[in-house]
Amino acid sequence: MNTTAETIPTTYESWRHCITQKCGLALTPDYIATRLAALRDERDAHTRDFRRIYGDAHLHATLGWLESAQREAVARN
């Protein structure tokens, strides 16, 4: 994991740490599926805000990180 304090995660490891440790959220299959569905829905107001604030590249990275977390969750079960 990157040891510098990142405001916006740039790697899967820093994103996962941010979500699970800093935000205290569990990357459960339901949470992951809900976030993937929302971020894939271009009509969703939060997705439009996310894209406007963080840009397309970060949106695509976040989708990829959620997909990685989903694969890990499936492998655990």
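Here, residues in each chain are numbered from 1, in the same order as that chain's written sequence. Whole-chain, interface and lining totals are the exception, using all residues; otherwise, since this is a predicted model, local features are given only for residues with pLDDT of at least 70 and side-chain atom pairs are given and counted only at 80 or more. With hydrogens and water excluded, all non-hydrogen atoms of the structure serve as input to the side-chain values.

Draft legend 1. Representation of helix H1 (residues 12-22) within the structure. Only protein chains enter the accessibility calculation, which uses a 1.4 Å probe. A residue is then buried if its area is under 20% of the maximum for its type, exposed if over 50%, and partly exposed in between. Helix and strand assignments follow DSSP, with helices taken as H or I runs no shorter than four residues and strands as E runs no shorter than two, numbered in order from the N terminus. Buried within H1 we find Tyr-12, Ser-14, Trp-15 and Ile-19. The contact criterion used throughout is that any non-hydrogen atoms of two residues lie within 4.5 Å. On its buried side, H1 packs onto helix H2 (29-40) and helix H3 (45-76). Once H1 ends, the next one or two residues include Gly-24, with phi positive near 70 degrees.

Draft legend 2. Representation of the nonpolar core. Trp-15, Leu-27, Ile-32, Leu-39, Leu-66 and Ala-69 are the most contacted members of the largest nonpolar core, which totals 14 residues. Ranked by residue count, the leading element in this core is H3, at 7 residues. Dropping the residues within four chain positions of it, Leu-39 is found in contact with Thr-47, Phe-50, Leu-59, Thr-62, Leu-63 and Leu-66. Side-chain atoms within 4.5 Å are what join buried Ala, Val, Leu, Ile, Met, Phe, Trp, Tyr and Cys residues into a set we call a nonpolar core.

Draft legend 3. Inspection of the pattern of salt bridges at higher detail. What counts as a salt bridge is simple: a side-chain nitrogen of Lys or Arg found within 4 Å of a carboxyl oxygen of Asp or Glu. What the rule picks out here adds up to 5 salt bridges. Across the salt bridge formed by Asp-41 and Arg-43, the nearest N and O atoms sit 3.3 Å from each other. The exposure class assigned to Arg-43 is exposed, which follows from its relative accessible area of 69%.

Draft legend 4. Expanded view of the packing of H2 against H3. Relative to each other, H2 and H3 sit at 145 degrees, their axes nearing to 9 Å. Read as a crossing pair, H2 and H3 show a hand that is left-handed. Residue-level contacts link Pro-29, Ile-32, Arg-35, Leu-36, Ala-38, Leu-39 and Arg-40 of H2 to Thr-47, Phe-50, Leu-59, Thr-62, Leu-63, Leu-66, Glu-67, Ala-69, Gln-70 and Ala-73 of H3. When the residues that make up the contact of H2 with H3 are grouped by side-chain class, the tally is 11 nonpolar, 3 polar and 3 charged. For helices, the fitted line uses only the C-alpha atoms of the stretch in contact; every axis is such a line through C-alpha atoms, and the angle between N-to-C directions lies from 0 to 180 degrees. Here a crossing is called left-handed whenever its near helix is offset anticlockwise from the far helix by less than a right angle, and right-handed whenever the offset is clockwise. Under the scheme applied, nonpolar residues are Ala, Val, Leu, Ile, Met, Phe, Trp, Tyr, Cys and Pro; charged residues are Asp, Glu, Lys and Arg; polar residues are all the others, including Gly.

These figures capture arrangement, not role.
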